[in-house]
Amino acid sequence: MKGYGPETFGRLNAADYDALHDPGTTEAAVELLASLAGRGRTLELAIGIGRLALPLARRGVAIEGLDASPDMVARLRAKPGGDKIKVAIGDMAEIAVDGTFDFVFLAFNALFNLTTQEAQVRCFARVGERLNPGGAFLVETFVPDVARFKDGAIVRPMAVDFNGVTLETGLHDPIAQRVDYQYIRLDAGGMRLTPLPMRYAWPSEIDLMAQLAGLALEERWGGWDRAPFTAKSEMHVSLYRKPA
Ligand SMILES: C[S@@+](CC[C@H](N)C(=O)[O-])C[C@H]1O[C@@H](n2cnc3c(N)ncnc32)[C@H](O)[C@@H]1O
């Protein structure tokens, strides 16, 4: 999507991220992430406003972060404890941070914010280089459902309330596995447009990216509560391990 860069998500969404982007899984995610991170040096890619990193830091996890958006990181810094987390501003397809880590994670579909296969493969390769032997990389994404698109498009009311309506619109390119979304909020105050390009990948392709990076799938759950992953799962939490 022309005009949309790595920092655009934060510029458009940082101010009301807390109110509009709650997946309802934060508590369970923090529980699982804390148990996997243990006492190891931990890096959250696309740390955002610290939805996961702040509670993890409070639980004693040695967490650092990377994000492309100065706006998101400014929100993180403004929260209690946010100034104590080391965060680098940069692209998760490059991961220009100091040192190596025992545990790296990338939550809430953020892998799909990298809008080409090449960038996603590079992200995995960089994680492979940044992990200590025996270290692990956890990825959470939705499982793609192309049945959502009819004639290469989607138009769907997401919320209808007394004040207005929120619409999800998007154009689907099944070859590049890309969707260019435009979320539209219409109410008495006028119209707000929130664009979001995404490049989706099925779990099997993500496994291949991991394999290319020298990582092997260790666990795949259908939720943060470690629910089994099945053909009906709408999301997955996958754990990859670098050989010791
Ligand atoms: C859906 S939010 C997820 C934030 C956080 N991980 C969470 O679970 O709440 C996506 C985040 O990815 C960041 N982002 C998008 N593209 C990026 C890139 N190329 N490199 C690093 N961060 C990126 C955005 O700035 C935003 O903070």
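Up top you'll find the structure we're talking about.
Description of the structure in this document. (Residues numbered from 1 in each chain as written. Predicted model: local features only at pLDDT ≥ 70, side-chain atom pairs only at ≥ 80, totals over all residues. Heavy atoms only, no water.)

**Structural notes on the site of the ligand**
Short version of the rule: The near set for a molecule or strand comprises every residue that places at least one heavy atom within 4 Å of it. Each polar contact in these results corresponds to two N or O atoms within 3.5 Å; when the atoms are within protein, one needs to be able to donate a hydrogen and the other to accept it, and residues that are neighboring in sequence are counted only if both atoms are side-chain atoms. The accessible surface values rely on the Shrake-Rupley method and a 1.4 Å probe; as for residues, cover is taken only from the protein chains in view. When residues are sorted by character, Ala, Val, Leu, Ile, Met, Phe, Trp, Tyr, Cys and Pro go into the nonpolar class, Asp, Glu, Lys and Arg into the charged class, and all the rest, Gly among them, into the polar class.
Near the ligand you find 19 residues, and of these Tyr17, Ala46, Arg51, Asp67 and Met92 are the closest. Contact distances for the ligand include 2.7 Å between an oxygen atom and a side-chain N or O atom of Tyr17. Within the backbone of Ala68, an N or O atom sits 3.2 Å from a nitrogen atom of the ligand. Burial of the ligand by the surrounding chains reaches 97%, relative to a free accessible area of 600 Å². For the shell around the ligand, the per-class residue count stands at 11 nonpolar, four polar and four charged.

**A closer look at helix H5 (residues 70-78)**
This is how it is decided: In this scheme, a residue with accessible area under 20% of its type's maximum is buried, one over 50% is exposed, and one in between is partly exposed, where area comes from a 1.4 Å probe on protein chains only. Strands here mean DSSP runs of E at least two residues long; helices mean DSSP runs of H or I at least four residues long; both are numbered from the N terminus. Directions from the helix axis toward the C-beta atoms define the arc.
Looking only at H5, the buried set comprises Met72, Val73 and Leu76. Viewed along the axis of H5, the buried residues span an arc of 95°, placing them on a single side of the element.

**Structural notes on the pairing of strand S4 (residues 101-106)**
Condition: What makes two strands pair is DSSP finding at least two bridges between them. Here the term right-handed applies to a crossover when the path leading from its first strand over the helix to its second strand runs clockwise, the strands being oriented away from the viewer.
Counting buried positions along S4 yields five of six residues, so the element is predominantly enclosed. Two elements, strand S1 (residues 41-45) and S4, share three bridges in a ladder whose sense is parallel. Paired with Thr42 across the bridge in S4 is Phe103. Regarding the hand of the β-α-β motif, the stretch spanning S4, helix H6 (residues 117-130) and strand S5 (residues 131-142) is right-handed.

**Thoughts on the packing of aromatic side chains**
Going by this rule: Put simply, two rings from Phe, Tyr or Trp (the six-membered ring, in Trp's case) pair if the centres are within 6.5 Å, and we call them stacked under 30 degrees between planes, edge-to-face over 60, tilted for the rest. Two thresholds decide whether a charge sits over a ring: the Lys NZ or Arg CZ must be within 6 Å of the ring centre and within 35 degrees of the ring normal.
As enumerated under the stated definition, the model contains seven aromatic pairs in all. Taking the centre distance of 5.9 Å and the plane angle of 85° together, the rings of Phe124 and Tyr240 count as edge-to-face. In this pair, Phe124 sits in helix H6 while Tyr240 sits in strand S11 (residues 235-241), placing the two residues 116 residues apart along the sequence. Neither Phe124 nor Tyr240 differs from the other in exposure class; each is buried. Seen in terms of ring centroids, Tyr181 and Tyr183 are 5.5 Å apart; in terms of plane orientation they differ by 25°. Their pairing is stacked. Taking the ring centre of Phe101 as reference, the NZ or CZ of Arg41 above it sits at 4.2 Å. The residue whose ring lies beneath Arg220 is Phe229, and the NZ or CZ to ring-centre distance is 5.7 Å.

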